[in-house]
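Fold and contact review
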2 protein chains.
Amino acid sequence: MEKPSLPSGTRDFGPEIMKKRKFVLSVMERVFRSHGFLPIETPSLENLKTLQGKYGDEGDQLLFKVLNSGEYFSKIKPENWPVSPADTIYKDMTPQISDRGLRYDLTVPLARFVVMNRDKLAFPFKRYQMQPVWRADRPQKGRYREFWQCDIDIVGSNSVVSEAELVECYQEVFAQLNLEVQIKINHRLILDAFLPLLGGREQWNAFMVAIDKFDKIGQEGVNNELLQRDLKNAIPAWNTLCEIAALNSTEDKLLALESFSEIQNEILTQGIAQVKELLDLLPRQQNVVLDLRLARGLSYYTGCVFEVVSNDDRVPADFRIGSIGGGGRYNNLTGVFGLKDVPGVGVSFGLDRILDTLESANLLEVNNDWAGVLICCMEEAYLSQATQIARELRIKNVICEVYPGAPKLKKQLDYANSKGCKYALILGESEMQQQHAMVKNLVTGEQQLLDWNALSDHITLN
Amino acid sequence: MEKPSLPSGTRDFGPEIMKKRKFVLSVMERVFRSHGFLPIETPSLENLKTLQGKYGDEGDQLLFKVLNSGEYFSKIKPENWPVSPADTIYKDMTPQISDRGLRYDLTVPLARFVVMNRDKLAFPFKRYQMQPVWRADRPQKGRYREFWQCDIDIVGSNSVVSEAELVECYQEVFAQLNLEVQIKINHRLILDAFLPLLGGREQWNAFMVAIDKFDKIGQEGVNNELLQRDLKNAIPAWNTLCEIAALNSTEDKLLALESFSEIQNEILTQGIAQVKELLDLLPRQQNVVLDLRLARGLSYYTGCVFEVVSNDDRVPADFRIGSIGGGGRYNNLTGVFGLKDVPGVGVSFGLDRILDTLESANLLEVNNDWAGVLICCMEEAYLSQATQIARELRIKNVICEVYPGAPKLKKQLDYANSKGCKYALILGESEMQQQHAMVKNLVTGEQQLLDWNALSDHITLN
């Protein structure tokens with residue numbers, strides 16, 4: 001007999017955690033919809049041609065690939081046929097036995113969707129999408145192989161109003177979830193302004209990779225990294241970025257940047273101007289932080305970049321590492337699929353990390369929406385009457401079920417309590433004769449005998 | 001430049017169809033919750049060990065298998081290493097390069113979940129689960145490779161109250177969707193009663209396979225099938241089943257069955273009694289039909305079986321073929337995972353076929369919940385004020401967005417209309433000076449100038 005198990009990095013969600021997941025999803029969806037975002041869903045399976053080459057070499061390796069159906073081996077070209085298992089030719093063979101894979105994020109599918117439906121969509125196209133994604137990464141705390149992203153994107157808009165709307169959505173969602181966060185922003189143009197200082201694009205790319213590690217290795221760590229990468233002349237710039245980051249207000253940071261004489265150029269001016277424009281549109285800025293060290297790994301970003309981290313005191317420190325959301329402006333995402341010059345901006349909410357964060361601080365209470373009524377029969381003969389009563393209560397929007405059968409009352413009440421029912425309605429012999437039910441409030445313990453017709457007036461679940 | 005495409009048998013869902021999917025899902029979920037079902041979700045990826053051997057040989061072949069990560073070829077045993085692509089040894093090789101697959105339905109994952117969580121669950125365990133499943137079947141009308149099932153199951157209950165509850169859920173969901181359906185029921189014991197007539201279990205199994213084809217090949221077709229399968233002595237029984245099926249009322253059918261002298265036995269008596277018990281619990285029976293020919297392929301059913309088809313006149317005939325739901329009682333589903341004697345009963349709603357059916361008859365109207373307000377600025381300088389107004393309207397639960405930018409008004413109004421906005425608020429020079437907005441009702445065409453503070457009182461979306 002096989003002992004069942006789950007694939008590493010995947011999880012079951014039982015009723016208690018599902019109630020919480022649904023609550024968080026409903027908060028997000030309500031905010032997204034209130035801003036005019038519309039839902040789309042794309043298939044879990046995508047052609048590997050669509051996915052590959054979009055996430056860098058490392059991303060490609062993390063794609064889950066699906067074996068072709070039927071006699072998949074017969075399609076392998078003879079020259080690729082390996083002679084032994086030790087042969088490493090499998091990299092050439094994989095594309096011949098696998099055409100499809102599981103989506104890695106919701107951004108590339110969005111780009112594909114926009115290109116394939118460009119004639120039907122109204123632009124700017126504002127969509128939300130809340131679906132699982134898969135990555136064959138090594139599972140660890142807060143990192144799953146199957147997890148949910150909740151994305152909002154505005155495709156076809158160049159306006160900073162769109163950036164502001166996304167930041168507001170972050171603010172509204174986390175305010176409604178009662179979680180304190182810091183929304184870090186930066187601008188790719190500000191980082192691009194360092195290009196002349198560093199030499200060329202190659203050095204600049206290495207600089208991005210190095211400063212992207214700041215969260216993990218700290219300021220000194222980045223300095224060492226820069227030394228190792230032969231980027232000694234970037235060290236003063238890096239230290240200046242850190243000094244600026246230590247300033248209190250965004251205004252002070254922008255002033256310091258404007259007076260950072262070594263990199264004054266048109267690109268910096270533009271980047272600063274766009275950040276100011278964005279901030280001007282945001283009424284509440286207390287949780288928005290300009291962080292000039294924020295690079296965001298993905299190469300497709302071209303403007304503002306965002307990252308959300310929790311800085312809530314109630315959240316244990318080891319749950320405050322890592323981002324729970326991020327995104328930015330991309331001005332050529334659909335280019336790879338043949339549709340050029342479509343600007344856009346989008347952010348993602350990491351549902352699983354948000355839930356882990358909220359759970360770590362017990363910030364999620366299951367609300368009352370799930371509490372209902374259990375009808376308990378002392379004899380099987382009363383079940384038909386019980387289902388009739390249940391039907392009438394449900395018409396009045398009361399969650400109501402009949403215990404299927406008539407075991408001992410204790411067993412039935414245990415079930416009602418374990419499900420969080422607020423009431424048990426008990427039908428015994430005398431109740432049946434009088435057309436009454438004993439109504440037991442499971443929260444207060446109070447009992448009262450009520451006429452069947454009066455039940456719905458007395459049962460209040462909220 | 002690659003032209004993007006979707007894998008065969010998969011679909012994108014744009015905003016218009018998503019609104020309809022969400023509506024149908026919300027109807028189901030409301031009904032499920034009102035009956036005390038609780039949500040669970042299981043991972044898309046399951047170990048192949050969990051899935052294989054549960055759906056018959058054909059089902060096994062339809063499983064999507066995921067290639068192991070990394071150097072998967074190195075794990076192949078030398079004796080299985082094929083010498084050429086023509087070699088058909090791949091069936092032995094597949095298990096060595098693929099450990100995981102995509103779930104095929106929601107029933108086997110439920111059984112696995114129940115076994116793995118048996119100590120934490122309250123029984124009877126009533127769960128609902130609405131998630132996609134995958135089958136590598138040949139795509140055709142109404143058949144997709146990625147589609148959704150919406151399942152409700154009651155695990156740990158022997159009572160016919162549970163069967164009645166599931167039939168009621170079918171009735172309530174389709175009544176709320178305003179779709180006429182027929183809920184066919186039958187009982188495995190009634191079919192089992194034919195066993196002595198047919199010879200042995202093998203003949204009985206062949207009989208089931210033959211009568212399962214009735215929907216496609218008709219009464220005569222089944223007769224031919226029985227002849228070919230050397231089941232000549234089953235033909236009178238089959239013709240009698242068809243005669244009974246032609247009777248009008250369930251009572252007449254049961255009476256005819258009770259007087260069907262060739263197969264009177266204890267099993268038949270039990271089956272008939274359980275069907276009667278179920279019917280007694282159902283107040284509305286006009287769309288419940290006893291269909292003695294209903295076999296349901298899956299071998300794990302042991303009691304009542306159900307199948308739902310649409311018989312709505314408004315649905316075109318070619319959309320009325322095929323079931324849009326089905327299920328039944330199983331009394332040993334978890335046995336294969338080592339937990340014996342757990343009875344249960346469950347039914348599935350086929351979301352995609354239900355949607356196809358409703359769409360074919362234009363029975364789905366998008367409701368007003370999505371209609372909102374677009375704020376149009378004649379100058380970029382007004383955008384900041386516009387975002388402020390939008391924020392205040394959203395606080396009053398109005399869906400509101402600001403057009404990102406200030407292009408020509410016609411472009412902005414086209415966008416509002418294409419999104420189904422009910423109002424456009426226009427901010428021009430004079431409006432800004434007077435702290436007013438021109439409010440255009442896009443449905444009636446009416447316009448009125450309103451003070452910013454008065455907007456939320458005048459905007460009614462429903």
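Values in this document were obtained by computation on a predicted structure and should not be read as measured data.

Description of the relation of the copies chain A and chain B
Taken together, a rotation about one axis and a shift along it account for how the two chain copies relate. In the superposition of chain A on chain B (RMSD 0.1 Å, axial shift 0.0 Å), the rotation amounts to 180°. Taken together, the rotation and translation relating the two chain copies correspond to the operation of a two-fold axis. In terms of C-alpha distance to the rotation axis, chain A has A:Val66 as its closest residue, with the C-alpha 2.1 Å off the axis. In this assembly the copies share their binding face: 100% of the residues contributing to the interface of chain A also contribute to that of chain B.

Concerning the domain arrangement of chain A
What the domain assignment lists for chain A is domain 1 (15-43 + 104-193 + 265-360) and domain 2 (368-458). Using only C-alpha atoms to locate each centre, domain 1 of chain A and domain 2 of chain A end up separated by 47 Å.

Here we look at the pairing of strand β12 (residues 373-377) of chain B
All names here are of chain B. Within β12, five of the five residues are buried, which leaves the element mostly enclosed by the surrounding structure. Taking every second residue as pointing to the same face, both faces of β12 are buried, with Val373, Ile375 and Cys377 on one and Leu374 and Cys376 on the other. Bridge count between β12 and strand β13 (residues 400-402): three bridges; the pairing is parallel. What sits directly across from Val373, in β13, is Cys400. Considered for its hand, the β-α-β crossover made up of β12, helix α15 (residues 383-395) and β13 is right-handed. Pairing of β12 with strand β14 (residues 423-427) involves five bridges; the strand directions are parallel.

A few points about the sheet that holds strand β10 (residues 325-330) of chain B
Residues and elements named next belong to chain B. If you walk across this open sheet you meet the eight strands as β1-β5-β6-β11-β10-β9-β7-β8, and the pairing is mixed. Across the chains shown, the open sheet's two edge strands, defined by having one partner strand only, are β1 (38-39) and β8 (288-290). Pairing between strand β9 (residues 304-310) and β10: four bridges, direction antiparallel. Across the sheet, Phe306 pairs through a bridge with Gly327, a residue of β10.

Some thoughts on the interface of chain A and chain B
Counting from both sides, the interface comprises 105 residues of chain A and, opposite them, 105 residues of chain B. Summing both sides of the interface, chain A and chain B together bury roughly 9,100 Å²; the carbon and sulfur share of this comes to 62%. If you look at where chain A meets chain B, you find 30 residue pairs in polar contact (both at pLDDT 80 or more). If you tally residues by element for the side of chain A that touches chain B, the top one is helix α1 (residues 15-34) of chain A, at seven residues. Partitioned by chemical class, the residues of the side of chain A that touches chain B number 52 nonpolar, 26 polar and 27 charged.

Details of the packing of aromatic side chains
Residue and element names in this part refer to chain A. This structure, assessed with the given rule, holds 26 aromatic pairs over all chains. Taken together, a centroid distance of 6.0 Å and an interplanar angle of 25° make the contact between Phe113 and Phe125 stacked. You can see Phe113 sitting in helix α5 (residues 107-116) and its partner Phe125 sitting in strand β5 (residues 125-134), a full twelve residues away along the chain. One exposure class covers both Phe113 and Phe125, and it is buried. Grouping aromatic residues by their ring pairs yields a cluster made of Phe32, Tyr128, Tyr170, Phe174 and Phe349. Residue placement shows Arg201 over the ring face of Trp204; its charged tip is 4.8 Å from the ring centre.

Side note on the pattern of salt bridges
Applying the stated criterion across every chain, the model contains 50 salt bridges over all chains. In this structure, A:Asp352 engages A:Arg11 in a salt bridge whose closest nitrogen and oxygen atoms are separated by 2.5 Å. Of the two residues, A:Asp352 sits in helix α14 (residues 351-360) while A:Arg11 sits in the segment before α1, which places them 341 residues apart along the sequence. Both residues of the pair, A:Asp352 and A:Arg11, count as buried. Where A:Asp414 meets A:Lys410, a salt bridge forms, and the shortest distance between an N and an O atom there is 2.7 Å. Taken together, the residues A:Asp414 and A:Lys410, both in helix α16 (residues 409-418) and four residues apart, mark about one turn of the helix. Exposure remark for A:Lys410: the relative accessible area of 58% places this residue in the exposed category. Members of the salt-bridge network, linked through shared partners, are A:Lys126, A:Glu165, B:Glu401 and B:Lys419.

Basis of the calculations
- Residues numbered from 1 in each chain as written.
- Chains lettered and ligands numbered in written order.
- Predicted model: local features only at pLDDT ≥ 70, side-chain atom pairs only at ≥ 80, totals over all residues.
- Heavy atoms only, no water.
- Least-squares fit on C-alpha atoms with pLDDT ≥ 70 in both.
- Contact = heavy atoms within 4.5 Å.
- Domains from an automatic or database assignment.
- Buried < 20%, exposed > 50% of the residue type's maximum accessible area, 1.4 Å probe, protein only.
- Helix = DSSP H or I, 4+ residues; strand = E, 2+ residues; numbered from the N terminus.
- Pairing = 2+ DSSP bridges.
- Right-handed = clockwise from strand over helix to strand, strands pointing away.
- Buried area = accessible area lost by both parts, 1.4 Å probe.
- Polar contact = N/O pair within 3.5 Å; in protein donor to acceptor, adjacent residues only side chain to side chain.
- Nonpolar A, V, L, I, M, F, W, Y, C, P; charged D, E, K, R; others polar.
- Phe/Tyr/Trp six-rings, centres within 6.5 Å; stacked < 30°, edge-to-face > 60°.
- Lys NZ or Arg CZ within 6 Å of the ring centre and 35° of its normal.
- Salt bridge = Lys/Arg side-chain N within 4 Å of Asp/Glu carboxyl O.

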